[in-house]
Amino acid sequence: MLTRREMLKQAITAACLAPAAGYMAVGEALAGTVHHGFVSAYADQEGAMKLALIEPDGTVARDWALPARGHAIMRRPKSHHVAAFARRPGRFLLVVDFTTGAEVARLSSPPDRHFYGHGTYSPDGRFLYTTENDYIDERGVIGVWDAIEGYRRIGELSAHGLGPHELLFLPDGETLVVAVGGILTHPDEGRAKLNIPEMSPALVYMNARSGQLVSRHQLPQDLHKLSLRHLCVNAAGRVCFGLQNEGPKSEFPPLVGFHDGTGDLRLLEAPLEIWQGMKNYCGSVAYDQSGTVAGASSPRGSMISFWNIETGRHLYAVTARDGCGLAADTQAGRFIATCGTGEIMRIDVNRQMAITLRSPGNHDRRWDNHLLAL
Amino acid sequence: MLKNRFLVPALAMLASGLISSGANAAFSEANRYMVMDQVVPGYEGFAKVAHQLKETVADQCGFEDQVAREKLMAAYQQAMLAWQAVQHVRFGPIEYADRQYRIQFWPDKRNRTAKALAKLKAEVESGRSFNIVDFAQTSVAVQGFPALERIFTQDDLGPADCIIANHIAENIALISSRLSSEWAVGEDDGFADQILQADVGTDLYKDDKEAAFQFFKSFQTGLQVMAESKLIRPLGESAEKARPKRAEAWRTGQSARYLLENATALARFYGIQNPETALSVDGAEGFSAKLRADDEGGEIDHQVRMRFEELIAQLKTLDRPLSEMVADDREPLEIALKVIGELRQITDGPMAEKLGFFIGFNNLDGD
């Protein structure tokens, strides 16, 4: 009898041998369609949870009802599908076509698993990987779903640590990089954190096919309460990560760092008032189009901060009340940010300015943590 | 003793223009009340009974008579009750060096206390000796009340048990005296002064509203812990699915008594002088007084007082161990849970809004 992992290996190997045939079979020859919009989850005025397609000018073109509060969104490569993941400790996974509005798939996490809010597709678009909590055995897992077969669950991989949050592919198309937060939670305990004194966060690289650990990197022991949570990867494979501090709130350690796959995790430098202003919490990180400017948002501190990831120089910080969603705009050095107040802003790091595309205050759309650039 | 590796003077932030200045005197009085009348005496009281616990364990542990047992248990309960009254203070010196967890490692989902205690006992029996510093370096799960409760509820106390009990009591006494001295008013770097002087900006708080927000969050968390950890967890979905051993300190059967202590402490922290007769408003301080400045806030305060009076009366009716009630008499617990839920709704909604505390959509931990 094949184990779950062996079945998974076979399925993935088969897919890699003939990916194009797979697409043609379901009539999805949509490679590389350009669309300059954005997608984000939000709560409306009545508190209903939804997903919106946002045009480049900040207007909303379309929206979808979500079963509960969403978190991150990921686009399936070479298609018009986007997947929306339930926020921790939610269980839904919804896939929609952003051009037609059609629902593609509506799924739940398996029994004894809940989602952590993030997922990513293999570069060929066939497999979807989701970070999940196996709360019975208290371990982090990566669920694997076959997008061609109606998002059939084909298996799961170890996340090599507790509390995996965001995960992405490296440019090699084979290696997953996972932000392992290190925090133990259980759905019965709401959002309570159960292991702060002994938490052991890490940046994990693993082979997406075999699930095998490539390498695991941790901050020095005196920084073990900095939980790794959010990631972005540029074309050179430099991983930028965002942290949240579970240690004393009267200390203000750096909350953003980077890594190139080997050696120690490196923390970025910034004037200390930047770290104090971020209030020990980084909500999302994103690169610009060029992959040289990295941004990190802090909704708690109502501030978004930017660095040149090649020189490590801190470039700019802008006030964004409850601002969390952050994604590259079409030009280098520019970002779009979304806020819990409803505001949408365009930030130009080179010119050190921000303009409001959609004003805050009416609360008809309170944007959730993450923004996806299509 | 602000141990701060990354501390930034607030002046630097003001100069950078990243934060607004605007000294705001509006919360000074509420802050002063919470520091001087609540947290500082709360920690002083805890340190005092923790010291008594340490002395009692040193004097009585090892004597296998009923009187010694009763003295040990009484000292343990005194210290635990004083801890319950400050358990909701989740910021400041309590955050250093895992103190919260070292005092009370709970909930203990993975049964860490039992495992670490067995290991420690084996080490002690094999002749290893610990000083207070060594002991502070052992597992956080054996350093506090839950480990002590396990030892005191054993049938027989051997020499190794008493050695460990002495270490634990000494550890709790040391941590509690540090909490008290590090909050002390007027001391160099005393945490109290960070808050009392927040209206002109301190190292930690740009203004007194930011300091008051810390207290507000502690109030919210206190209610949350009562509901989620202390009631919902042991209650489970139904009587059949109840989890009695998830009740706080179920071995000594005082879980409900601790809830009453938490509710009373939270009511006082909020500004109700006499929580049992909260509605009679014979004393309003802190957030309560602040809300009562106008009619709209007065109505919110009235709603809060009504719930606290109801909650405390309800918790006083619980005269059996919570671990038994979750299986055969759930209704009184469910009523208490409902009232706490209402208090949480008022706190997170109208109260936060009225006090001007902005709770963002995106700033919850763990996202």
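Residues numbered from 1 in each chain as written. Chains lettered and ligands numbered in written order. Predicted model: local features only at pLDDT ≥ 70, side-chain atom pairs only at ≥ 80, totals over all residues. Heavy atoms only, no water.

In the nomenclature of an unreviewed UniProt entry, chain B is known as Imelysin-like domain-containing protein of Aestuariispira insulae. Here chain B is described in UniProt, under the heading Subcellular location (unreviewed entry), as follows: "Cell envelope". (UniProt positions renumbered as here; feature names shortened; annotations may be inferred.)

Per an unreviewed UniProt entry, chain A goes by the name DUF1513 domain-containing protein and belongs to Aestuariispira insulae.

> Hey, could you run me through the overall build of chain B in this one?
Check the secondary structure of chain B and you find 15 helices and zero strands. Restricting the contact set of chain B to residue pairs at least 6 apart, pairs at least 24 apart contribute 73%. Put simply, chain B shows about 15,500 Å² of open surface, and 49% of that area lies on carbon and sulfur atoms. (Helix = DSSP H or I, 4+ residues; strand = E, 2+ residues; numbered from the N terminus. Contact = heavy atoms within 4.5 Å. Areas by Shrake-Rupley, 256 points an atom, 1.4 Å probe, with all protein chains shown as cover.)

> Would you mind going over the overall build of chain A with me for this structure?
Each helix and strand counted, chain A has three helices and 28 strands in total. Looking at chain A as a whole, 63% of its 374 residues qualify as buried. Taking as baseline every contact in chain A between residues at least 6 positions apart, the subset at least 24 positions apart corresponds to 49%. When the accessible surface of chain A is totalled, it reaches about 13,100 Å², and 51% of it is carbon and sulfur. (Buried < 20%, exposed > 50% of the residue type's maximum accessible area, 1.4 Å probe, protein only.)

> Is there a simple way to think about helix H11 (residues 255–270) of chain B in this case?
The α-helix advances 3.6 residues per turn, and as a result positions three or four apart in sequence lie on the same side. Residues and elements named next belong to chain B. Between its first and last C-alpha, H11 extends 22 Å over 16 residues, near the 22 Å set by a 1.5 Å rise per residue. Most of H11 sits inside the fold, with 13 of its 16 residues counted as buried. One or two positions beyond H11, positive phi appears at Gly271, with a value near 125 degrees. (Expected span 1.5 Å × (residues − 1).)

> Help me out: how do you make sense of the environment of A:Asp264 in this one?
On the secondary structure map, A:Asp264 appears in the loop between strand E18 (256–259) and strand E19 (266–267). It is 9.0 Å that separates the C-alpha atoms of A:Asp264 and A:Pro220, two residues lying 44 residues apart in sequence.

> I keep staring at the pairing of strand E22 (residues 303–308) of chain A and nothing clicks. Help me out?
Residues in a regular strand point their side chains to alternate faces of the sheet. Residues and elements named next belong to chain A. The buried fraction of E22 amounts to six of the six residues, a majority that puts the element mostly inside the structure. Side-chain alternation along E22 places Met303, Ser305 and Trp307 on one buried face and Ile304, Phe306 and Asn308 on a second face that is also buried. Strand direction decides the pairing type here: strand E21 (residues 293–298) and E22, joined by six bridges, are antiparallel. Looking at E22, one finds that Ser298 is bridged to Met303. Sheet topology note: the E22/strand E23 (residues 314–319) ladder contains five bridges and is antiparallel. Pairing of Met303 across the sheet is with Thr319, part of E23. (Pairing = 2+ DSSP bridges.)

> Would you mind going over the confidence of the model for chain A with me for this structure?
Detailed reading of the predicted coordinates is not advisable wherever pLDDT is low. Per-residue pLDDT for chain A averages 89, and the proportion of residues at 70 or more is 89%. Between residues 13–32 of chain A, whose pLDDT stays under 50, and residues either more than four places distant or in other chains, the model counts 23 contacts. (pLDDT = per-residue confidence, 0-100.)

> Just to check I follow, could you spell out unusual backbone geometry for this structure?
Residues A:Arg88 and A:Pro89 are joined by a peptide bond in cis, for which omega reads -5 degrees. Positionally, A:Pro89 belongs in the loop between strand E5 (81–86) and strand E6 (92–97). Of the consecutive residues B:Trp106 and B:Pro107, the connecting peptide bond is found in the cis state with omega at 0 degrees. Looking at where B:Pro107 falls in the secondary structure, it is placed in the loop between helix H4 (99–103) and helix H5 (112–125). The residue A:Lys279 is not glycine, and still its phi comes out positive at about 55 degrees. Assignment of secondary structure puts A:Lys279 in the loop between helix H3 (272–277) and strand E20 (284–287). The residue B:Asp98 is not glycine, and still its phi comes out positive at about 55 degrees. With respect to the secondary-structure elements, B:Asp98 resides in the loop between helix H3 (66–84) and H4. A relative accessible area of 13% places B:Asp98 in the buried class.

> What am I meant to see in the sheet that holds strand E10 (residues 139–146) of chain A here?
Each strand in a sheet pairs with its neighbour through backbone hydrogen bonds, running either in the same direction (parallel) or in the opposite one (antiparallel). All names here are of chain A. The strand order across the open sheet built from four strands is E8-E9-E10-E11, with neighbouring strands paired in antiparallel fashion. Each edge of the open sheet is held by one strand with a lone partner, namely strand E8 (113–121) and strand E11 (152–158). Looking at each pair of strands side by side, their axes are set apart by 30 degrees on average, direction ignored. (Axes fitted to C-alpha atoms, helices over the stretch in contact; angles between N-to-C directions.)

> Explain the sheet that holds E18(A) here, please?
Read from one edge of the open sheet, four strands run E16-E17-E18-E19 (chain A), paired in antiparallel fashion. The strands lining the two open edges of the sheet, one partner per strand, are strand E16 (226–233) and E19 of chain A.

> What exactly am I supposed to notice about the side chain of A:Asn245 here?
All names here are of chain A. Checked against the element boundaries, Asn245 lands in strand E17 (residues 239–245). Assessed through its relative accessible area of 6%, Asn245 is described here as buried. Dropping the residues within four chain positions of it, Asn245 is found in contact with Lys225, Leu226, Glu251, Pro253, Leu255 and Asn280.

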